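Take a look at the letters that make up each chain.
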Amino acid sequence: CVLAFVNAGDSNHGYVATGGVQSGGAFTWGTAVEFFGHNLYSSTTNFDICYDVHNQRSVIVYRDTNDNNYGYARTVEITNPTNKTLSLGTAAKITDTIAVAEIRAAYNTTSHAIGVVFKSTSVFNYPYMTQAFVTGASRDAITATDIIRPTNPNDGQNHTRSTLIYDRYNDRYIFSWI
């Protein structure tokens, strides 16, 4: 299990940690690793994490508050399950010109992509979507596809909470918001 969280004791920086059930049923955590060294504003809507089954690592997506609020992604690999240690891939920008909020991720079992939806804070608060792929020989890099938005961009405008799942039976992402 990999958990992403905001560490209020460290100026709201983003961290990840891995944990597991030990003999006797106790759940323990490994040492937390910082994935984002700037303020995430203690908001769980500024990052999300999902597991890429094909590449056997988690992918975290987040709003980089130190780079114009653009969307970024990076891989998280459990390098030693016994000692609960993690390794982070290189951070990759997945939205070159669009500032993001309300970012969510879901793994696509068909294309092995990470679907990413977000609200654009730079373009009328419209919802957008992109797909990110784990790449590189060591599977620690991220590349992203073109960004799309709904046919009627007013759909979802100014949403404040969102969810994203992948329906493997119908090969579709399902995005909901309020």
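Analysis parameters
- Residues numbered from 1 in each chain as written.
- Predicted model: local features only at pLDDT ≥ 70, side-chain atom pairs only at ≥ 80, totals over all residues.
- Heavy atoms only, no water.
- Helix = DSSP H or I, 4+ residues; strand = E, 2+ residues; numbered from the N terminus.
- Buried < 20%, exposed > 50% of the residue type's maximum accessible area, 1.4 Å probe, protein only.
- Contact = heavy atoms within 4.5 Å.
- Salt bridge = Lys/Arg side-chain N within 4 Å of Asp/Glu carboxyl O.

Visitor: I tried to follow the environment of D140 on my own but got confused; where do I start?
Guide: Secondary-structure assignment places D140 in the loop between β12 (127-135) and β13 (141-144). Classification of D140 by relative accessible area gives partly exposed; the value is 30%. Each C-alpha atom, one on D140 and one on V2, is 16 Å from the other, the two residues being 138 residues apart in sequence. Look past the residues within four positions of D140 in its chain and what remains in contact with it is T75, G89, T90 and T135.

Visitor: Which parts of the structure should I look at to understand the pattern of salt bridges?
Guide: Pairing between side chains of opposite charge can happen when the charged atoms of each approach one another. On inspection of all chains with the given rule, the structure shows two salt bridges. Of the charged contacts in the structure, one is a salt bridge between R57 and E77, with a shortest N-O distance of 3.1 Å. Pair noted here: R57 is in strand β6 (residues 57-64) and E77 is in strand β7 (residues 70-80), with a separation of 20 residues, a long-range link. A relative accessible area of 3% places R57 in the buried class. The class for E77 is partly exposed, based on a relative accessible area of 27%. With a shortest N-O distance of 3.3 Å, K93 and D67 are connected by a salt bridge. Of this pair, K93 sits in strand β9 (residues 92-93) while D67 sits in the loop between β6 and β7, placing them 26 residues apart in sequence.

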